[in-house]
Amino acid sequence: MGETRRSVSVRVVAHTCDDCSPLAYELCASGGLLFVRRTDRSGDRPKIRETERLPYARMRPLWTELLLGRAR
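Let me sum up the structure you'll find in this document. Given the structure is predicted, the values throughout are model-derived calculations rather than measurements.

Details of the overall build of the chain
Helix and strand counts for the chain come out as one helix and four strands. Mapped in sequence order, the helices and strands of the chain form the string β-β-β-β-α. Counting all 72 residues of the chain, 29% fall into the buried class. In the chain, the share of contacts with a sequence separation of at least 24, taken over all contacts with a separation of at least 6, comes to 31%.

Regarding the nonpolar core
By size, the foremost hydrophobic cluster in this structure holds ten residues: Ala 14, Tyr 25, Leu 27, Ala 29, Leu 34, Val 36, Leu 54, Met 59, Trp 63 and Leu 66. Counting residues per element, the ones that place at least two in this core are strand E2 (23-30), strand E3 (33-40) and helix H1 (56-67). Ignoring anything within four residues of it in the chain, the contact list for Ala 14 reads Tyr 25, Glu 26, Leu 27 and Trp 63.

Brief notes about the pattern of salt bridges
Applying the stated criterion across every chain, the model contains four salt bridges. Through salt bridges with shared partners, a single ionic network connects Glu 26, Arg 37, Glu 50 and Arg 53.

As for the sheet that holds strand E1 (residues 11-15)
Strand order in the open sheet formed by four strands is E1-E2-E3-E4, with antiparallel pairing between adjacent strands. On the outer flanks of this sheet lie E1 and strand E4 (47-50), each paired with one strand and no other. Neighbour to neighbour, the strand axes of the sheet diverge by 30 degrees on average, direction disregarded. As paired elements, E1 and E2 share four bridges and run antiparallel to each other. Within E2, the position partnered with Val 12 by the bridge is Cys 28. Of the strands in this sheet, E1, E2 and E3 are in contact with H1, which crosses E2 at around 165 degrees.

Things to note about the side chain of Arg 37
Counting through the fold element by element, Arg 37 comes out in strand E3. A residue is classified by how much of its surface remains accessible, and Arg 37, at 17% relative accessible area, is buried. Separated by 3.0 Å, the side chains of Arg 37 and Glu 50 make a polar contact. In contact with Arg 37, not counting residues within four places along its chain, are Val 10, Ala 24, Tyr 25, Glu 26, Cys 28, Ile 48, Arg 49 and Glu 50.

Reading the values: the criteria
- Residues numbered from 1 in each chain as written.
- Predicted model: local features only at pLDDT ≥ 70, side-chain atom pairs only at ≥ 80, totals over all residues.
- Heavy atoms only, no water.
- Helix = DSSP H or I, 4+ residues; strand = E, 2+ residues; numbered from the N terminus.
- Buried < 20%, exposed > 50% of the residue type's maximum accessible area, 1.4 Å probe, protein only.
- Contact = heavy atoms within 4.5 Å.
- Core = buried A, V, L, I, M, F, W, Y, C linked by side-chain atoms within 4.5 Å.
- Salt bridge = Lys/Arg side-chain N within 4 Å of Asp/Glu carboxyl O.
- Pairing = 2+ DSSP bridges.
- Axes fitted to C-alpha atoms, helices over the stretch in contact; angles between N-to-C directions.
- Polar contact = N/O pair within 3.5 Å; in protein donor to acceptor, adjacent residues only side chain to side chain.

Next up, the structure:
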């Protein structure tokens with residue numbers, strides 16, 4: 001994942017459980033594109049990183065791979 005780039009308007013489409021792990025992932029939509037936001041709460045302050053924005057057809061399979069533990 002690259003640098004965090006904040007968008008003005010973001011909608012969370014899907015997410016992993018915040019209580020199960022210090023790492024949480026959100027599938028987000030903004031400006032007609034999807035991206036994954038990763039929040040790491042294992043340290044003193046949460047660290048948030050975001051992937052690049054991609055069209056639905058390219059990001060949705062990556063989200064599935066992430067959920068299945070086959071993506072990094």
